[in-house]
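Observations on the model geometry
Spelled out, the chains give:
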Amino acid sequence: MRVLIGGGSGFVGRELTRMLRDKGHEVTVISRKPGPGKITWGELESHGLPPCEGAVNLAGENLMNPLRWWNESYKKDLFSSRIDTTKTLAQAIATSSSPPHSWVLVSGVACYRPSLTAEYTEDSDWTPFDLLSKLVKEWEASALLPENVTKTTKQVVIRPGAVLGRDGGAMKQMLLPFWLGLGGTLGSGRQPFPWIHVSDLAGIISHALEPSADTPSPAPQVLNGVAPALNTNYEFTKELGRLLRRPTIFPVPSFVMNSLLGSERAVVLTQGQKVIPKRTQEAGYEYKYPDLTSALKEIVGS
């Protein structure tokens, strides 16, 4: 199978590329810079879709980029880097003479309203209520294919929680304070913490790329890209501290997070949702890291 990956050089993209190549698939990455095994977004727009059986979009400015202040230009980049690339890929698929059999967009769980009690599956209804949920709405809408194309191309939307892994994502910024014994709960610590190990997110994407036995539906199939374990921020903090053998006695109050990150961005860490991967499990995906202990052990190497 030949797979085209937008944003393939990022944290999740590198893991997905490695996994697909290990399985014997051919991968072409869409990147801002040209290079071997790559095409640029400009080439995709001017020359159209290269031959492929699957396409994935993972492109987008990092929401938690510690080097960028939370301001209007950053918010604009968050939207345009996701929506423009998704539109470009969807347009290339829609106008291709031989479109791929699978088209996968990876968005996020920010569409679900934070709550200490509500549980969300892929069937849960939602409407935008803040900046990040509005982003998910526009982002997922920009991936929709015309109805005539959906007769042959399966559309899948995967909504991951915090992606945990050794060389990127949420863990990259967390490990140093924890190693220094400065780790602690964020906000109240009671908020749900939907998470997934990067290998499992890549595995779910790879699983979704497989050709469908049934005729594709005109509506996208939605999969929650989270581990089946329901954990709180407190449980995550204590388990990471235990495995690193470091104290976790320095809670970070919500107002500090809000001033450091900007309140619209800090909600990702100070609030959370109980997200259940109901359809992901029904689709037959088997998790390598279904619980926090196994995932964190792999990451911190203990």
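The paragraphs below set out a description of the structure included in this document. (Residues numbered from 1 in each chain as written. Predicted model: local features only at pLDDT ≥ 70, side-chain atom pairs only at ≥ 80, totals over all residues. Heavy atoms only, no water.)

1. Here's the deal with a nonpolar patch on the surface
Together, Leu176, Leu180, Leu182, Ile249 and Phe250 make up an exposed nonpolar region whose accessible area comes to about 530 Å². Its place among the elements puts phenylalanine 250 in the loop between α7 (233–244) and α8 (254–261). (Patch = residues over 30% accessible without salt bridge, like charges linked within 9 Å, V, L, I, M, F, W, Y side chains within 5 Å. Areas by Shrake-Rupley, 256 points an atom, 1.4 Å probe, with all protein chains shown as cover. Salt bridge = Lys/Arg side-chain N within 4 Å of Asp/Glu carboxyl O. Helix = DSSP H or I, 4+ residues; strand = E, 2+ residues; numbered from the N terminus.)

2. Looking at empty space enclosed by the protein
As enumerated under the stated definition, the model contains one cavity of 30 Å³ or more in all. Considering only enclosed or pocket space, the largest cavity measures out at about 40 Å³ in volume. Lining the largest cavity are Trp103, Leu105, Ala143, Leu144, Gln155, Val156, Val157 and Pro220. At the level of elements, β5 (102–106) and β7 (154–160) are the ones that each hand at least two residues to the lining of the largest cavity. Of the residues belonging to the lining of the largest cavity, the class tally is seven nonpolar, one polar and no charged. (1 Å grid on protein atoms, 1.4 Å probe; cavity = no way out; pocket = protein on both sides within 12 Å on 5 of 7 lines; lining within 4 Å. Points joined across faces, edges and corners; volume = space filled by probe spheres on them. Nonpolar A, V, L, I, M, F, W, Y, C, P; charged D, E, K, R; others polar.)

3. A closer look at the packing of α7 against helix α11 (residues 292–300)
A packed helix pair is summarised by two numbers, namely the angle formed by the two axes and the spacing between the axes. Running from N to C, α7 and α11 point in directions that differ by 45°, and their axes come no closer than 10 Å. Judged on the interaxial angle alone, α11 and α7 are oblique. Along this stretch, α7 crosses α11, giving a crossing that reads as right-handed. Along its contact with α7, which presents Glu235, Phe236, Glu239, Leu240, Arg242, Leu243 and Leu244, the element α11 presents Leu292, Thr293, Leu296, Lys297 and Val300. The class makeup of the residues in the contact of α7 with α11 is seven nonpolar, one polar and four charged. (Axes fitted to C-alpha atoms, helices over the stretch in contact; angles between N-to-C directions. Parallel < 35°, antiparallel > 145°, perpendicular 65-115°, else oblique. Left-handed = near helix turned anticlockwise from the far one by under 90°. Contact = heavy atoms within 4.5 Å.)

4. Topic: the sheet that holds strand β2 (residues 26–31)
Taken together, the seven strands give an open sheet; going across it, the order is β3-β2-β1-β4-β5-β7-β10, and neighbouring strands pair in parallel fashion. Looking at the sheet topology across the chains shown, the edges are occupied by β3 (38–40) and β10 (221–225). For this sheet the average axis-to-axis angle between neighbouring strands, irrespective of direction, equals 20°. Two elements, strand β1 (residues 2–6) and β2, share five bridges in a ladder whose sense is parallel. Bridging from a neighbouring strand, glycine 6 pairs with isoleucine 30 of β2. (Pairing = 2+ DSSP bridges.)

5. Considering the environment of lysine 154
Considering the arrangement of structural elements, one finds lysine 154 in strand β7. Measuring from C-alpha to C-alpha, the distance between lysine 154 and glutamine 221 comes to 8.0 Å, with 67 residues separating the pair along the chain. Those residues within four positions of lysine 154 in sequence are excluded, and the remaining contacts are His101, Ser102, Trp103, Ala208, Glu210, Ser212, Pro216 and Gln221. Within the local environment of lysine 154, its side chain forms a polar contact with the backbone oxygen of glutamate 210, the two atoms lying 2.7 Å apart. (Polar contact = N/O pair within 3.5 Å; in protein donor to acceptor, adjacent residues only side chain to side chain.)

6. A closer look at the packing of aromatic side chains
Enumeration according to the criterion identifies four aromatic pairs in this entry. Consider the rings of tryptophan 70 and tyrosine 74, whose centres lie 5.6 Å apart with planes at 80°: the pair is edge-to-face. Judged by its relative accessible area of 0%, tyrosine 74 falls in the buried class. Centre to centre, the rings of tyrosine 112 and tyrosine 120 are 4.9 Å apart; their planes meet at 15°, and the pair counts as stacked. The lysine or arginine in question, arginine 82, covers the ring of tryptophan 139, its NZ or CZ lying 5.1 Å from the ring centre. In this structure, lysine 137 packs its charged tip against the face of tryptophan 126, placed 4.7 Å from the ring centre. (Phe/Tyr/Trp six-rings, centres within 6.5 Å; stacked < 30°, edge-to-face > 60°. Buried < 20%, exposed > 50% of the residue type's maximum accessible area, 1.4 Å probe, protein only. Lys NZ or Arg CZ within 6 Å of the ring centre and 35° of its normal.)

7. Some thoughts on the pairing of β5
Of all the five residues making up β5, five are buried; the element is thus mostly covered by neighbouring parts of the structure. Of the two faces of β5, the one lined by Ser102, Val104 and Val106 and the one lined by Trp103 and Leu105 are each fully buried. Alignment of strand β4 (residues 54–57) against β5, held across four bridges, turns out to be parallel. Following the sheet pairing, asparagine 57 is matched in β5 by leucine 105. Sheet analysis places β5 next to β7, joined by five bridges and oriented parallel.

8. Let's talk about the nonpolar core
By size, the foremost hydrophobic cluster in this structure holds 33 residues, and its most contacted members are Leu4, Ile30, Leu44, Leu49, Leu89, Ile93 and Trp103. Of all the secondary structure elements, the ones that give two or more residues to this core are α2 (41–47), α3 (72–94), β5, α4 (131–142) and α8. Among the elements that make up this core, the one with the highest residue count is α3 (eight residues). Not counting chain neighbours up to four residues away, the residues in contact with leucine 89 comprise Leu4, Ile30, Trp41, Leu44, Leu49, Ala55, Val56, Asn57 and Trp103. Judged by nonpolar contacts, the second largest core, of 27 residues, contains Leu20, Val29, Val104 and Leu223. (Core = buried A, V, L, I, M, F, W, Y, C linked by side-chain atoms within 4.5 Å.)

9. Describing helix α9 (residues 263–270)
Among all positions of α9, only Arg265, Ala266 and Thr270 are buried. The buried residues of α9 occupy one face: seen down the axis, they fall within an arc of 135°. For α9, the elements touching its buried residues are α3 and α8. (Arc of directions from axis to C-beta.)

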